[in-house]
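# A look at the structure
What follows is each chain in one-letter form.
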Amino acid sequence: MIVAFSVAPSGPPPDAPADSPVSSGQVSDSVSEAVAAAVRVVRESGLPHETSSMFTSIEGDWDEVMDVVKRATEAVGRYGSRVSLVLKADIRPGWTGQMAAKVARVEQHLGGDQA
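Below or above, wherever it landed, is the structure these notes cover. Keep in mind that what you see is a predicted model, and the values were worked out from it rather than measured.

A separate point is the packing of helix H1 (residues 32-45) against helix H2 (residues 62-77). Between H1 and H2, the shortest axis-to-axis distance is 8 Å and the interhelical angle comes to 150 degrees. By the angle between their directions, the pair H1 and H2 is classed as roughly antiparallel. When you trace H1 past H2, the crossing you get is right-handed. Judged by residue contacts, Ala 34, Ala 37, Ala 38, Val 41, Val 42 and Ser 45 of H1 engage Val 68, Arg 71, Ala 72, Ala 75 and Val 76 from H2. Of the residues belonging to the contact of H1 with H2, the class tally is nine nonpolar, one polar and one charged.

Our next topic: H2. The terminal C-alpha atoms of H2 lie 22 Å apart, and with 16 residues this matches the ideal 22 Å at 1.5 Å per residue to within 8%. Every buried residue belonging to H2 is among Val 65, Val 68, Val 69, Ala 72, Thr 73, Ala 75, Val 76 and Gly 77, and all of these are buried. Turning to H2, the residues buried within the fold contact strand E1 (2-10), H1, strand E3 (56-59) and strand E4 (82-90).

Quick look at the sheet that holds strand E2 (residues 49-51) now. Strands in a sheet are paired, the pairing made by backbone hydrogen bonds, and the direction either parallel or antiparallel. Read from one edge of the open sheet, four strands run E2-E3-E1-E4, paired in antiparallel fashion. In this open sheet, the two edge strands, each paired with only one partner strand, are E2 and E4. Strand after strand, the sheet turns through a mean of 20 degrees between neighbouring axes, direction not considered. Relative to E3, E2 runs antiparallel, the two sharing three bridges. Bridge pairing links His 49 to Ile 58 in E3. The strands touched by H2 are E1, E3 and E4; relative to E1, the strand with the most contacts, the crossing angle is about 15 degrees.

Judged from the four bridges that link them, E1 and E3 form a sheet pairing that is antiparallel. The residue bridging Ile 2 from the neighbouring strand is Glu 59, located in E3. Where E1 lies against E4, nine bridges are found, and the strand directions are antiparallel. Bridge pairing in E4 places Pro 9 opposite Val 83.

On inspection of all chains with the given rule, the structure shows two salt bridges. We note a salt bridge from Arg 71 to Asp 67, for which the minimum N-O separation is 2.9 Å. Here Arg 71 and its partner Asp 67 are both found in helix H2, four residues apart, which amounts to about one turn of the helix. For Arg 71, a relative accessible area of 35% corresponds to the partly exposed category. Between Lys 102 and Asp 90 there is a salt bridge, and its shortest N-O distance comes to 2.5 Å. Here Lys 102, found in helix H3 (residues 98-109), pairs with Asp 90, found in strand E4; they are twelve residues apart in sequence, far enough to count as distant. Given the relative accessible area of 35%, Lys 102 is considered partly exposed. For Asp 90, a relative accessible area of 27% gives the class partly exposed.

What counts and how
- Residues numbered from 1 in each chain as written.
- Predicted model: local features only at pLDDT ≥ 70, side-chain atom pairs only at ≥ 80, totals over all residues.
- Heavy atoms only, no water.
- Axes fitted to C-alpha atoms, helices over the stretch in contact; angles between N-to-C directions.
- Helix = DSSP H or I, 4+ residues; strand = E, 2+ residues; numbered from the N terminus.
- Parallel < 35°, antiparallel > 145°, perpendicular 65-115°, else oblique.
- Left-handed = near helix turned anticlockwise from the far one by under 90°.
- Contact = heavy atoms within 4.5 Å.
- Nonpolar A, V, L, I, M, F, W, Y, C, P; charged D, E, K, R; others polar.
- Expected span 1.5 Å × (residues − 1).
- Buried < 20%, exposed > 50% of the residue type's maximum accessible area, 1.4 Å probe, protein only.
- Pairing = 2+ DSSP bridges.
- Salt bridge = Lys/Arg side-chain N within 4 Å of Asp/Glu carboxyl O.

Right under this line is the structure:
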């Protein structure tokens, strides 16, 4: 299966004091550090993956992929009091290597042109 997911924290971290700059909104709204924590989990999994500006895709069997998504979500949870997870799955048992193969099939129809 291939899962494309996006995970981001919101709110102050669970252990942030009420008067901290994080809790009072005096710091950046950037979630890049939290996203990096999630991507690190994905990379360390050893499963095929790709990260873009909006989603990270990962390929493997159901249990492998969902375990990685869970651990990535938990990693992001350290950065906020809530976590938002968006997940899209292509479940096709018995097929592997489809992250690259699906793109190759589209490119074949385009005649190899990359606009």
